[in-house]
Amino acid sequence: MKNIAPAIFPPSGIGDAKPTNQAVLDWVHEIGKLTKPENIFWCDGSERENEFLVAESLKQNVLIKVNEEKVPRSYLHRSNPNDVARVEKVTFICTPTKEEAGPTNNWSEPAETYSKLYGLLEGTMRGRTMFVVPYIMGPPDSPLTKVGFEITDSKYVVLSMRIMTRMGKIALERLGNDPKAEWNRGVHSLLDVDPDRRFICHFPQDNTIISVGSGYGGNVLLSKKCLALRIGSYLARKQGWMAEHMLILGVESPEGKKHYVAAAFPSACGKTNFAMLIPPAHFKGWKVTTVGDDIAWMEIRDGRLFAVNPENGYFGVVPGTSYKSNPNAMKSIEHDTLYTNVALTDDGDVWWEGKDGPPPKHAIDWRGNDWTPDSKEKAAHPNSRFATPMRNNPALDPDVEKGEGVPISAIIFGGRRRDTVPLVYEAFDWTHGVYLGATMASETTAAATGAVGQVRRDPMAMLPFCGYNIGDYFRHWMDIGKRLTNPPLIFNVNWFRKGANGKFLWPGFGENMRVLKWIIDRCEQKGGAVESPVGWLPTPHDLDLDGLEIDHKSVADLLGIDHEEWQKELAEHKKFFDSLGGVVPEELPKQREQFVARFTQ
Ligand code: OXD
Ligand code: MN
């Protein structure tokens, strides 16, 4: 069989940053004995190492160099066409009992799963290099920061980890030599990228992840969904903090008053766009800054929630990104960016559907085939991605490295809903807010394999990422609420509501500032609202719509509560809770009863 990841042979001084912690050395030795690599490459995260890995990846066609003048120091990677998104059906939580994993996760028994995976890993790195990638998640001086090691046979993974995490020496220093120190063990092998031999398995009780048979970022950058969310959420509950699928942004008024907001939207629903929002001209003097675009780790201090972004880069969806939709993302990906599955133009530039300007007359599509605007296929895969360092973002928040994190004034839940859910409303209190998060739903996207556009319940946008029983997760939210003396206000937003003509009612993107401004007004106890059965709802006068071309009817439709639609919605909430088989804490069905009662009052 063809070796899809041939070994590389570094000159001395590269690939030899061997750690000194004996527990790490023992584990690497064990995985080495099992996978039998040609050699071991100990990563240090240095510039020199990166240059060497890029050069070798170019030689092996793992990377294609993009036009240096147009997109300096940037590369394109094409994945196997069978491997373009997260695969939830082969993602497992391997806790000793099925109950611990709960009704929303695939569960598999730990001992059997280790034995199956070790069988698949046996000799799999023959003729390959085994890379050992040390990294930290979180700012270097945060108490929440975690150390991880990822073993991989993929150069693309190493290059991506260098962008997405703080990688190398910094992790070795933080870990030190205590053999009992807490750190995450991650093992990844491409195997032969066969969907039938693809498994992403988490062993929370061992702080271990094993991912085989895929090269797609969401399945193999083990720092991200696997550690920062699935294992992270498990550790967070045990240790009394929160690991959430949330962006974090800062909003500063012209007077210099600043708030931070965290927002949970499901995958590919605009978290990166919202986190990088540029206020429209009408909001002169207002500034939005990005702390994170995908994951928030939060802890309680002085009765408030403080958040850090554990990541170091952005792994965002490319199609639809333009100077119109997200200028800060465009500036971020103009250089030093690793693209996956976008198209390549004849002059070596990257291209995707929705990029500014006309489409190229000819390009090579994400599969490596000729493409013209007449082609039936998309030039870029709908889930094509960029990986880019957060430092490329012109709107990066100055406190992104602050170990203590940033104080959170508001939490926003949101999904992609063509009907029922208004543009924005506010929960009456924390428990009501938890209910809104727990019953959130969204139309599915290309970020995961499976049908696109189907409404599914996705509590707190964590359905694919909660590493333990969802009932315990809801309980944890409730317990956190009890410990907060100054809790964030909780809101729900929906940028995606459509009118009778099937068109979006709300312009979205930068104009979402108008909704954000109302949220901030509410945090400062100066925004108006009316009490509705779903929560506090702004009237059209409470939203600043000056200078926005939108008719009264659209605004009324955006803020409308259709009783019939809500009867259906509340019935779906019940169905969802019932489907969880009795794990839902009693406060939530009680909230539902109150919800139903408010509609009949
Ligand atoms: C992501 C996802 O890539 O949620 O962030 O799938
Ligand atoms: Mn995500």
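Summarised in this report is the structure supplied together with it.

Cut-offs used in this document
Residues numbered from 1 in each chain as written. Chains lettered and ligands numbered in written order. Predicted model: local features only at pLDDT ≥ 70, side-chain atom pairs only at ≥ 80, totals over all residues. Heavy atoms only, no water. Helix = DSSP H or I, 4+ residues; strand = E, 2+ residues; numbered from the N terminus. Rg over C-alpha atoms; globule rule 2.2 N^0.38 Å. Buried < 20%, exposed > 50% of the residue type's maximum accessible area, 1.4 Å probe, protein only. Contact = heavy atoms within 4.5 Å. Areas by Shrake-Rupley, 256 points an atom, 1.4 Å probe, with all protein chains shown as cover. Lys, Arg positive; Asp, Glu negative; His and termini not counted. Charge placed at Lys NZ, Arg CZ, Asp CG, Glu CD. Salt bridge = Lys/Arg side-chain N within 4 Å of Asp/Glu carboxyl O. Polar contact = N/O pair within 3.5 Å; in protein donor to acceptor, adjacent residues only side chain to side chain. Donors = N, O, S within 2.8 Å, 3.2 Å for Na, K, Ca; no water. Axes fitted to C-alpha atoms, helices over the stretch in contact; angles between N-to-C directions. Parallel < 35°, antiparallel > 145°, perpendicular 65-115°, else oblique. Left-handed = near helix turned anticlockwise from the far one by under 90°. Nonpolar A, V, L, I, M, F, W, Y, C, P; charged D, E, K, R; others polar. Pairing = 2+ DSSP bridges. Phe/Tyr/Trp six-rings, centres within 6.5 Å; stacked < 30°, edge-to-face > 60°. Lys NZ or Arg CZ within 6 Å of the ring centre and 35° of its normal.

1. Concerning the overall build of the chain
At step 1: Per the secondary structure count, the chain includes 16 helices and 31 strands.
At step 2: Its C-alpha radius of gyration of 24 Å places the chain within 12% of the 25 Å reference for a compact globule of 601 residues.
At step 3: In terms of overall dimensions, the chain has a C-alpha envelope of 70 × 55 × 45 Å along the principal axes.
At step 4: Looking at the chain as a whole, 62% of its 601 residues qualify as buried.
At step 5: Sequence-distant contacts, at least 24 apart, represent 73% of the contacts inside the chain between residues at least 6 apart.
At step 6: When the accessible surface of the chain is totalled, it reaches about 22,900 Å², and 51% of it is carbon and sulfur.
At step 7: Here the chain carries 70 positive and 77 negative side-chain charges, and the mean point of each set is 1 Å from the other.

2. Some points on the pattern of salt bridges
At step 1: Using the criterion set out here, one finds 38 salt bridges in the structure.
At step 2: With a closest N to O distance of 2.8 Å, Arg-86 and Glu-88 form a salt bridge.
At step 3: With relative accessibility at 5%, the residue Arg-86 sits in the buried group.
At step 4: For the salt bridge of Asp-397 with Lys-258, the shortest nitrogen-to-oxygen distance reads 2.7 Å. You can see Asp-397 sitting in the loop between strand S24 (385-389) and strand S25 (406-414) and its partner Lys-258 sitting in strand S14 (residues 258-264), a full 139 residues away along the chain.
At step 5: Taking the relative accessible area as the measure of exposure, Lys-258 reaches 28% and is therefore partly exposed.

3. Considering the side chain of Ser-79
At step 1: Structurally, Ser-79 can be placed in the loop between strand S3 (75-77) and strand S4 (91-93).
At step 2: Looking at Ser-79, its side chain comes within polar contact range of the main-chain oxygen of Asp-83, at 2.9 Å.
At step 3: Setting aside its immediate chain neighbours within four residues, Ser-79 contacts Val-84 and Asn-341.

4. Structural notes on the coordination of the manganese ion (ligand 2)
At step 1: The coordination sphere of the manganese ion (ligand 2) contains the protein donors Lys-225 (NZ), His-245 (NE2) and Asp-294 (OD), at a distance range of 2.2 Å.
At step 2: In the primary sequence, the donor residues of the manganese ion (ligand 2) line up as K-x19-H-x48-D. Taken together, the residues span a long stretch of sequence, with Lys-225 in helix H8 (residues 223-239) and His-245 in the loop between strand S12 (242-244) and strand S13 (247-252) at a distance of 20 residues. For the residue pair Lys-225 and His-245, the accessibility class agrees, reading buried in each case.

5. Details of the packing of helix H11 (residues 430-438) against helix H12 (residues 470-483)
At step 1: Put simply, H11 and H12 touch, their axes get as near as 10 Å, and they point 155 degrees apart. Relative to H12, H11 is oriented roughly antiparallel. You can see that H11 and H12 cross each other, and the crossing is right-handed. On the side of H11, the interface is formed by Trp-430, Thr-431, Val-434 and Ala-438, while H12 contributes Phe-474, Trp-477, Met-478, Ile-480 and Gly-481.
At step 2: Looking at the contact of H11 with H12 residue by residue, the class counts come to seven nonpolar, two polar and no charged.

6. Observations regarding the sheet that holds S24
At step 1: Ordered in space as S2-S3-S19-S24-S18, the five strands form an open sheet in which the pairing is mixed. Because the sheet does not close on itself, it has two edges, and the strands there are strand S2 (64-65) and strand S18 (313-317).
At step 2: Sheet topology note: the S2/S3 ladder contains two bridges and is antiparallel. For Lys-65, the partnering residue across the bridge sits in S3 and is Tyr-75.

7. Let's talk about the sheet that holds strand S23 (residues 370-371)
For sheets, the rule is that strands pair by backbone hydrogen bonds, running either parallel or antiparallel.
At step 1: Spatially, the four strands line up as an open sheet ordered S21-S20-S22-S23, and their pairing is antiparallel. Either end of the sheet is taken by a strand with one partner, and the two such strands are strand S21 (350-351) and S23.
At step 2: As defined by bridge partners, strand S20 (residues 343-345) adjoins S21 across two bridges and the pair is classed as antiparallel. Note that in S21 the partner of Ala-343 across the bridge is Trp-351.

8. So, the packing of aromatic side chains
What characterises a pair of aromatic rings is the spacing of the ring centres plus the angle enclosed by the ring planes.
At step 1: Evaluation of the coordinates by the stated rule reveals 26 aromatic pairs.
At step 2: Judged by centre distance (6.3 Å) and plane angle (85 degrees), the rings of Phe-265 and Trp-495 are edge-to-face. Highlighted residues: Phe-265 in the loop between S14 and helix H9 (271-275) and Trp-495 in the loop between strand S29 (489-493) and helix H13 (513-523), separated in sequence by 230 residues.
At step 3: Residue Trp-495 is classed as buried on the basis of its relative accessible area, which comes to 8%.
At step 4: The interplanar angle of 10 degrees and the centroid separation of 6.4 Å between the aromatic rings of Phe-595 and Phe-599 together place this pair among those described as stacked. Of this pair, Phe-595 and Phe-599 both sit in helix H16 (residues 587-600), four residues apart, roughly one helical turn. In this pair, the class of Phe-595 matches that of Phe-599, namely buried.
At step 5: Looking at Lys-116, its charged tip hangs above the ring of Phe-92, at a distance of 5.7 Å from the centre.

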